[in-house]
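Residues per chain, in single letters:
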Amino acid sequence: MALSARYVHTNLIAADWRALADFYQRIFGCVPVPPERDFQGEKLEAGTRLPGAHLRGMHLRLPGCGADGPTLEIFNYTPLEPRSPTAVNRPGFGHIAFAVDDVPAARQTVIDAGGRALGDIVTLQVATGAKVTWCYVSDPEGNLIELQAWSA
């Protein structure tokens, strides 16, 4: 029997959570959901199993999902582990995807805002005949983003 569940957020751990939150607000129209978080102490250490943990950050409402839709949770932890190189095939969190009107223009906007391109813009056709044009980019901290546009 399936749990009674609702998707609520995806978490990104950032070196600079304020700068990364600003990127997602400016580029994708995400909207802050107060309050900002600032937690430390015994309960956070117990929940994370990180001695001396300090967590700061915020939630951003994702575009197109309404006032009760899921959020992008952008946090910074102290201590912070080193980042592994970005790779599309690494197990675990792969990418977040945004539907856009114009994939090449959106790709350039991300690059102009400090992100990076990863691979080419391609169009694939699914079994129904619908086509998806997409590419991968990364935000300024190297988290993968898929930009996509569907057509009949």
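None of these values were measured; they are calculated from a predicted model.

### Section: the pairing of strand S1 (residues 9-13)
Right, so step 1: Of the two faces of S1, only one is covered, namely that formed by Thr10 and Leu12; the face formed by His9, Asn11 and Ile13 stays uncovered.
Right, so step 2: Inspection of the sheet shows S1 paired to strand S4 (residues 71-78) by 5 bridges, in the parallel sense. Within the sheet, the bridge partner assigned to Leu12 lies in S4 and is Ile74.

### Focus: the pattern of salt bridges
Right, so step 1: One pass over the full model with this rule turns up 2 salt bridges.
Right, so step 2: Across the salt bridge formed by Arg18 and Glu36, the nearest N and O atoms sit 3.1 Å from each other. Placement of the pair is Arg18 in helix H1 (residues 17-28) and Glu36 in strand S2 (residues 31-40), with a sequence separation of 18 residues.
Right, so step 3: Notably, a salt bridge pairs Arg26 with Asp22, separated by 2.7 Å at the nearest N-O pair. Taken together, the residues Arg26 and Asp22, both in helix H1 and 4 residues apart, mark about one turn of the helix.
Right, so step 4: Classification of Asp22 as partly exposed rests on a relative accessible area of 35%.

### Overview of H1
Right, so step 1: The end-to-end C-alpha distance of H1, which contains 12 residues, comes to 16 Å, matching closely the 16 Å that a straight helix rising 1.5 Å per residue would cover.
Right, so step 2: Of all the positions in H1, only Trp17, Leu20, Ala21, Phe23, Tyr24 and Phe28 are classed as buried. Burial along H1 is one-sided: seen end-on, the buried residues are contained in an arc of 150°.
Right, so step 3: Among the residues trailing H1, Gly29 stands out with phi positive, at a value near 75°.

### Side note on the side chain of Glu146
Right, so step 1: Within the secondary structure, Glu146 sits in strand S8 (residues 144-151).
Right, so step 2: One polar contact links Glu146 to Gln148, side chain to side chain, over a distance of 2.9 Å.
Right, so step 3: When residues no more than four places from it in sequence are discounted, the contact partners of Glu146 are His95, Ile96, Ala97, Phe98, Trp134, Cys135 and Tyr136.

Rules used throughout
Residues numbered from 1 in each chain as written. Predicted model: local features only at pLDDT ≥ 70, side-chain atom pairs only at ≥ 80, totals over all residues. Heavy atoms only, no water. Buried < 20%, exposed > 50% of the residue type's maximum accessible area, 1.4 Å probe, protein only. Helix = DSSP H or I, 4+ residues; strand = E, 2+ residues; numbered from the N terminus. Pairing = 2+ DSSP bridges. Salt bridge = Lys/Arg side-chain N within 4 Å of Asp/Glu carboxyl O. Expected span 1.5 Å × (residues − 1). Arc of directions from axis to C-beta. Polar contact = N/O pair within 3.5 Å; in protein donor to acceptor, adjacent residues only side chain to side chain. Contact = heavy atoms within 4.5 Å.

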